[in-house]
Each structure stands twice: as structure tokens, then as C-alpha cells.
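Chain by chain, the residues:
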Amino acid sequence: MVEVPVNIIENFSLQAYNSLALPAVARYFITINAMDELVELSRHYRLNTLPWLVLGSGSNVVFSKDYNGVIIHLELNNIYYRVDDEAVYIHAEAGVIWDKLVQETLIKGYPGLENLSLIPGTVGAAPVQNIGAYGIELKDYFSSLLAWDRELQRFCHLDANDCCFSYRHSIFKEEPGRYIILKVVLKLPCAWRPQLQYQALNSAMIDQPLSADRIRNVVCELRRSKLPDPELLPNAGSFFKNPCINQALFSELKSLYSDLPSFAAGVADQVKVPAAWLIEQAGWRGKALGAVGMYEKQALVLVNHGGASGDEVLELAQCVQSDVWEKFGVQLEVEPQIFGALTEN
Ligand SMILES: Cc1cc2nc3c(=O)[nH]c(=O)nc-3n(C[C@H](O)[C@H](O)[C@H](O)COP(=O)(O)OP(=O)(O)OC[C@H]3O[C@@H](n4cnc5c(N)ncnc54)[C@H](O)[C@@H]3O)c2cc1C
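So, how was this worked out
- Residues numbered from 1 in each chain as written.
- Predicted model: local features only at pLDDT ≥ 70, side-chain atom pairs only at ≥ 80, totals over all residues.
- Heavy atoms only, no water.
- Core = buried A, V, L, I, M, F, W, Y, C linked by side-chain atoms within 4.5 Å.
- Buried < 20%, exposed > 50% of the residue type's maximum accessible area, 1.4 Å probe, protein only.
- Helix = DSSP H or I, 4+ residues; strand = E, 2+ residues; numbered from the N terminus.
- Contact = heavy atoms within 4.5 Å.
- Near = heavy atom within 4 Å.
- Polar contact = N/O pair within 3.5 Å; in protein donor to acceptor, adjacent residues only side chain to side chain.
- Areas by Shrake-Rupley, 256 points an atom, 1.4 Å probe, with all protein chains shown as cover.
- UniProt positions renumbered as here; feature names shortened; annotations may be inferred.
- Expected span 1.5 Å × (residues − 1).
- Salt bridge = Lys/Arg side-chain N within 4 Å of Asp/Glu carboxyl O.

Undergrad: Would you mind going over the nonpolar core with me for this structure?
TA: For soluble globular proteins, nonpolar side chains are generally found buried alongside one another. Judged by nonpolar contacts, the single largest core of 43 residues is most densely connected at Trp-98, Leu-101, Leu-145, Phe-172 and Leu-201. Looking at this core, the elements with two or more residues in it are strand 7 (87–93), helix 3 (98–107), strand 10 (142–149), strand 11 (154–159), helix 5 (171–174), strand 12 (179–189), helix 6 (199–205) and helix 7 (212–226). When residues no more than four places from it in sequence are discounted, the contact partners of Leu-201 are Asn-115, Tyr-134, Gln-195, Leu-196, Ile-215, Val-218, Val-219 and Leu-222. Grouped together as the second largest cluster of nonpolar side chains are 39 residues, Leu-22, Trp-284, Val-292 and Met-294 included.

Undergrad: I tried to follow the site of the ligand on my own but got confused; where do I start?
TA: Of all residues adjacent to the ligand, which total 35 residues, the nearest are Val-54, Gly-56, Ser-59, Pro-120 and Thr-122. One of the backbone N or O atoms of Gly-56 is found 2.7 Å from an oxygen atom in the ligand. Within the contact set of the ligand, a nitrogen atom lies 2.9 Å away from a side-chain nitrogen or oxygen of Gln-129. When the ligand is considered free in solution it has 970 Å² of accessible area, and contact with the protein chains removes 94% of it.

Undergrad: How should I be thinking about the UniProt feature "active site" (unreviewed entry) in the protein in this particular structure?
TA: Here, UniProt's "active site" (unreviewed entry) annotation points to Arg-168, Ser-238 and Glu-335. The greatest C-alpha distance among the residues just named is 11.0 Å, despite their covering 168 residues of sequence, which places them together in space. By the secondary structure assignment, Arg-168 is in the loop between helix 4 (160–163) and helix 5. Given the relative accessible area of 15%, Arg-168 is considered buried. Those residues in contact with Arg-168 that sit more than four places away from it in its chain are Gln-129, Asn-130, Ile-131, Gly-132, Ala-133, Glu-137, Lys-173, Lys-241 and Glu-335. Looking at Glu-335, the relative accessible area reads 7%, which means it is buried. At a separation of 3.2 Å, a polar atom in the side chain of Glu-335 contacts the side chain of Gln-129.

Undergrad: Looking at this structure, I do not really get helix 7. What am I missing?
TA: Owing to its 3.6 residues per turn, the α-helix brings residues three or four apart onto one side. Here helix 7 is 15 residues long and its end C-alpha atoms lie 22 Å apart, about the 21 Å a rise of 1.5 Å per residue gives. Where helix 7 is buried, its residues meet helix 3, strand 8 (132–133) and helix 6.

Undergrad: Would you mind showing me how to read the pattern of salt bridges here?
TA: A side chain with one charge can pair with a side chain of the opposite charge if their charged atoms come near. Taken as a whole and assessed by the stated rule, the structure comprises eleven salt bridges. Notably, a salt bridge pairs Glu-86 with Lys-187, separated by 3.3 Å at the nearest N-O pair. Taken together, the positions of Glu-86 in the loop between strand 6 (79–83) and strand 7 and Lys-187 in strand 12 put the pair 101 residues apart, joining distant regions of the chain. Classification of Glu-86 by relative accessible area gives exposed; the value is 51%. Judged by relative accessible area, Lys-187 falls into the partly exposed class, the value being 29%. Salt bridges sharing partners connect three or more residues here, namely Asp-149, Glu-151, Glu-175 and Arg-178.

Okay, here's the thing in C-alpha cells:
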């Protein structure tokens, strides 16, 4: 008979465990302190038949109702480095806070991750949506990861091809709940090349000494100037992905709105347009609906002004989506993962 794990709490409030501060209760909350505990947990018949959800810092989730399953919280916090002539390989366990990793690599003299400074969340969640900012994405430095495969009930190694990374997407969103990411290996080439192709970063770096530390400082300043701190104003970062539209629709919109910005989508016949611009033009920047609203300094960020429910968040998201659709014929896709009404995870 398999024993009930020691670190299990029933009816656990998740309000402090999601950056939107939404009230939701998990049926079970289990802290994992060693990888083998997962094997043990998987043998526990009753717990293994329930849905599982790994929760890192909760900065990319929306709980629209209580979670009737097992929340897994990974307290795996080690980082190891291996260096050869070509690159530094960073082995970071899933519970490490992403920005602490960025900071530590720079202190150790291993540049590369500086553009991804200050992104909230854990290392284990970073491959899930292939985190990206200021011109780079996790996949640019990704080597492999170790995960527990719930379907096959075994540990597995996945490389970049297996993860199927694309813009804010990966296999982990395609097959939610299957993999529990335990360790991520990143490869930073020894020959550092600054990545300054992102216009706002490029402009802010003019006349600045060119170093990875300086880039990190500038990225942190830029982020702080436009993104609300979830501790002060609960939010989940960008609430919608930047949509890709076909060239014909883009040309039609451009003839109506000559100031419509655009970026290369990297896919034939597709153009990426900033969701923030569409939301602002649809009149939602700084506008509230009950306790929630779209942030006044960055229209892409949905904020909880205090005491909001998950349903209020979803209602606002749907209003924004429908107004953007009516005005531009463009469908906005929600970026955070929703647990509740829209999905039955
Ligand atoms: C203010 C703010 C700014 C942000 N800026 C950016 C940005 O610039 N770029 C960007 O890409 N994102 C950004 N985000 C989104 C967020 O920071 C990232 O998605 C981050 O990777 C989420 O980490 P987390 O630990 O909070 O994940 P959580 O929110 O806890 O989880 C997110 C998803 O990943 C899954 N997951 C988490 N850990 C694991 C694991 N170990 N194994 C398997 N699945 C797992 C969860 O089940 C869930 O489905 C921002 C968010 C906020 C609040």
C-alpha cells in the first residue's frame, strides 16, 4: 500500500499562488522536494487518477474556478554548470526562479540570457510557452530538458525538436498535463553576441557601454516603466498573443489605418500585428469592467484592481476579443492558460 505523501494539503487556497490574485481552492496541493517523490506519487492510485497541474509562480495562469485535482509545486532549486571550449551548459532545476538564473549566469560571467531579464516565473515553466522578450526566445538557448511523462510513467529527455517550440507555444501546451518538467539545460555559446535587433532596446542602448550587464539593466528599466508589478497590481503579463494575419487582411487594414504597426511573422504570407495597438484602438486601454481592466500604460496587460473573480477576468477578455474582432476582423488569442470555463483541465 502506497502511503499518502507527507507534503500534501487539502483544500488549499491558491490566491497567493497566482499573480492575478484570483480566489481559487485546490483540492490537493503537494510540494515535491526530490524527483523520486514523483515516482512514489504516481503509484498512489487515488491521487494518480485525478488531474494534475504543476504550478510554478502562477504568473501565466487564470483560475476561473476551484481546481478539482492535484496541484504540484516543485521545490527543486539546484543549478549546475558545465563548460567546454564552445559553450556553457546550464542545468537548472524546475523550481529555480527564472530571473535569479539570469542574474546568476551574468554574475558568473556567462552572458546570453540578459534580454530575458525580469520575466516572472520559474525555470520549469519557461519551455511551456517558450518565453520570449526583446528579440529572443528561450528556444534560442535551449538544449534539452528532463521531464516526468505521466502518460508513459517514466522520466524522459526531450530536445528542442521534441518540444516543438514556436511563438509562445510548445508541445507542453498541446499536451497539457502530460509532462512535468524537472530540469532544463541551456546552452550559452562562449562567443557572446549582443542581441539588439529589438527596436526599443536598440534605441535605449545608444551611447551606452556594450555589455551584457548593461543590457540587463536597460531591459529591467524598460520593463519596469511599462509593466505593472504583480505584487502591487495583480496581473498575468501580456493577456493576449500578438496575432498573425494574412497579407490580404493586413493590406486592407493598412489602407484604413495607415499607422498600423507590423512585424515579420517568419511565416509566408503572414504578418504579425501588435495586440496592444488593436486593443488600444478598440478603446480598451485604461478601461475597467468591474474589478478588472486593461492597464493604462500597456493595453495588453489585464489587471485586477482588487477582489476580482476569475469569471470577471474571462468576461473582460471576451469583451476585448469581441470588440477587436468587430473593428478589425482579427481574433485575439488568450496567452495565459485558463483553468475553468474555457478549458476543462
Ligand atoms: C508582469 C509579467 C510580465 C511577463 N512578461 C513576460 C514576457 O516578457 N515574456 C513571456 O514569455 N512571458 C511573460 N510573462 C508570463 C510568465 O512570466 C511566463 O509565462 C512564465 O514562464 C510563467 O512561469 P510560472 O512559473 O509563473 O508558470 P505558471 O503560471 O505557474 O504556469 C504556467 C503554465 O506552465 C505550466 N508549468 C509550470 N511549471 C511547469 C513544469 N515544471 N512542468 C510542466 N508544466 C509546468 C503550468 O501548469 C501552466 O500551464 C509575464 C508575466 C507577468 C505577470
